Amino acid sequence: MKLATVLSLSLLVPFTFAQDKMAADAKAMAHGSHANFKASTQQMADDWKAAYQAKDADKIAAMYSSDAIWINAEGTFHGPTEIKAELKKMIDRGDGVDEITTTKSVHFGSIAYSEGTFSGTAPDKSGKQSPAAGSWVVSMRQDNGKWMLVAHTSVPTPGASSMAKSAKKPE
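Residues numbered from 1 in each chain as written. Predicted model: local features only at pLDDT ≥ 70, side-chain atom pairs only at ≥ 80, totals over all residues. Heavy atoms only, no water.

### So, the pairing of strand β1 (residues 64-72)
Under the convention used in this document: Paired strands are those between which DSSP finds at least two bridges. Working definition: helices are DSSP H or I runs of at least four residues, strands are E runs of at least two. Numbering for both runs from the N terminus.
For β1 and strand β6 (residues 146-156), the ladder comprises four bridges, and the chain directions are parallel. In the strand pairing of β6, isoleucine 69 is matched with alanine 151. As paired strands, β1 and strand β2 (residues 75-78) are joined by four bridges and run antiparallel to one another. Within the sheet, the bridge partner assigned to asparagine 72 lies in β2 and is glycine 75. What sits between β1 and β2 in their antiparallel hairpin is a turn of two residues.

Structure below.
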């Protein structure tokens, strides 16, 4: 699996933990500027990254809607339960997330999309930590006043370090 894909998961995360803050601002953001929304989604990305670094897959999975889909180099994952399992697998093998950057974020009432980049590390086939990077895009919608991730796609940078799906975490 490409580290970039793993890190892309982390990018999906950008929308994860700022949900409580965004719930309070949801009404204002529906009519607010895109610049303010971009700052709010960057905060979500920062919260996603912080939860990943804290190895809190439950907190990240809670940022996804019940019908969410996450597509990365390892496959397609439906709903918070499958997404959480994928996150735990990445955390257990030692994938790391260093940066998640939101480059664009746009909302239209109760739906939105954002895109950006991510970087971090992941074990290569030999078990050595290698740099990983890529791009991500997410779709979101408001659900009970909170922004929830609905669709998340992570794409590794061409030539980025990769790890075979069957590779195990080095001991």
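### Considerations on helix α5 (residues 79-93)
So the rule is basically this: Helices are assigned an expected span. That span is 1.5 Å times one less than the residue count.
In this model α5 runs 22 Å from its N-terminal to its C-terminal C-alpha over 15 residues, within 8% of the 21 Å that 1.5 Å per residue would give. The positive-phi residue at the C-terminal boundary of α5 is glycine 94, with phi of around 100°.

### With respect to the environment of glutamine 142
Under the convention used in this document: Accessible area is worked out with a 1.4 Å probe on protein chains only. A residue is then buried under 20% of its type maximum, exposed over 50%, and partly exposed in between.
Residue placement: glutamine 142 occurs in strand β5 (residues 129-143). A relative accessible area of 22% places glutamine 142 in the partly exposed class. Taking C-alpha positions, glutamine 142 is 9.4 Å from serine 65, a pair spaced 77 residues apart along the chain.

### Focus: the pattern of salt bridges
Using the following cut-off: In the sections that follow, a salt bridge refers to a side-chain nitrogen of Lys or Arg positioned within 4 Å of a carboxyl oxygen of Asp or Glu.
Counted under the stated rule, the structure contains six salt bridges. Close ionic contact of aspartate 58 with lysine 84 constitutes a salt bridge, the shortest N to O distance being 2.7 Å. On the criterion of sequence distance, the pair formed by aspartate 58 in helix α4 (residues 57-61) and lysine 84 in helix α5 is long-range, its members being 26 residues apart. A relative accessible area of 46% means that aspartate 58 is categorised as partly exposed. Its relative accessible area of 25% is what places lysine 84 among the partly exposed residues.

These figures come from the coordinates and say nothing about function on their own.
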